[in-house]
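Below, each chain spelled out in residue letters.
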Amino acid sequence: MKRLMTIAALALGQAACVANQGDAPFRFLDARALSVEDDACVPSDELVIGSGLLDLSGSRNYLLAMSVETNNSTQPIVINQEPFSGPGLSDITVNEFVYSYEYVPSGGGAAANLIDTQEESTAVYRVLRPGTDPDQSYVFMNAFGPKGSAALEGKDGVVFSTIKARGRMSGGQVVESNKFTFPIRVYSSGATYDCADDQIPAGACVVGQDVAVGGDDDACVDPT
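Remember, predicted model here, so these are calculated numbers, not experimental data.

Procedures and definitions
Residues numbered from 1 in each chain as written. Predicted model: local features only at pLDDT ≥ 70, side-chain atom pairs only at ≥ 80, totals over all residues. Heavy atoms only, no water. Pairing = 2+ DSSP bridges. Helix = DSSP H or I, 4+ residues; strand = E, 2+ residues; numbered from the N terminus. 1 Å grid on protein atoms, 1.4 Å probe; cavity = no way out; pocket = protein on both sides within 12 Å on 5 of 7 lines; lining within 4 Å. Points joined across faces, edges and corners; volume = space filled by probe spheres on them. Nonpolar A, V, L, I, M, F, W, Y, C, P; charged D, E, K, R; others polar. Phe/Tyr/Trp six-rings, centres within 6.5 Å; stacked < 30°, edge-to-face > 60°. Buried < 20%, exposed > 50% of the residue type's maximum accessible area, 1.4 Å probe, protein only. Core = buried A, V, L, I, M, F, W, Y, C linked by side-chain atoms within 4.5 Å. Contact = heavy atoms within 4.5 Å.

### Topic: the pairing of strand S4 (residues 40-49)
Relative to S4, strand S3 (residues 26-37) runs antiparallel, the two being bridged by six bridges. Bridge pairing in S4 places Ser35 opposite Val42. Connecting S3 to the antiparallel partner S4 that follows it, the hairpin turn spans two residues, and Asp38 within it adopts a positive phi of roughly 55°.

### What about empty space enclosed by the protein?
All told, the structure shown has one cavity of 30 Å³ or more when counted by the stated rule. If you go around the largest cavity, the residues you meet are Val98, Tyr99, Ser100, Glu119, Thr162, Ile163, Lys164 and Lys179. Within the residue set of the lining of the largest cavity, elements represented by two or more residues are strand S9 (92-105) and strand S13 (157-169). Considered class by class, the residues forming the lining of the largest cavity number three nonpolar, two polar and three charged.

### Overview of the packing of aromatic side chains
Using the criterion set out here, one finds six aromatic pairs in the structure. Ring geometry for Tyr99 against Tyr101: centres 6.1 Å apart, planes inclined by 15°, an arrangement best described as stacked. Of the two residues, Tyr99 and Tyr101, neither departs from the other in class, the shared state being buried. For the ring pair Tyr101 and Phe144, a centre distance of 5.9 Å and an interplane angle of 35° mean the geometry is tilted.

### A look at the nonpolar core
Ranked by internal contacts, the top residues of the largest apolar core, which has 35 residues, are Phe28, Tyr62, Leu64, Met141 and Phe144. For this core, the elements supplying multiple residues, two or more each, are S3, strand S6 (63-70), S9, strand S12 (138-142), S13 and strand S15 (180-187). A total of six residues in this core trace back to one element, the largest contributor, which is S9. When near neighbours in sequence (up to four residues on either side) are disregarded, Phe144 contacts Leu54, Arg60, Asn61, Tyr62, Tyr99, Tyr101, Ser149, Leu152, Val159, Ser161 and Ile184.

Next up, the structure:
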């Protein structure tokens, strides 16, 4: 499989930042570019993005597909004094995403926290096996938790969303991923898309994500 190649940041001069990559037992690396194939949202295995654009007239959240790797190793299970390596031991079960946000208004102004608390968290479930390869593995996640998504209403500027994950090793040890920061330009165009209530524009994983909302040529499809 080809190594992922970085493409220019979308509409921003600052790219995503990944911190403390070597310290965590599981790490998020690049955000993969998304496309729609056969009515399904598919992460690229060649292209990554450094920032995003979100038209709030289409959606209040941004979908990320983050390449992920683990640096833990499978521990042998001893059966009748003979080592046996099997699935399950040393797995990492991810059960929480933790979010914090910095909002920078367009046209100047002081940066501020997007929500009224320092962080928010959402419950998730994902099992990561030892030796996970970032070229072949990714995790879907929203760029905003519920509070962050609600706070986007009326905003015009850049939101720097910082995300980390928490989980447990098979033995019960609590572990955390690295933190990464992904910048997203948010605005409201006021445009609409001429689709039925149970349809979405073709070619968009999320309406308004990195694709303009509206237009007479939008083809509508049933969401998957």
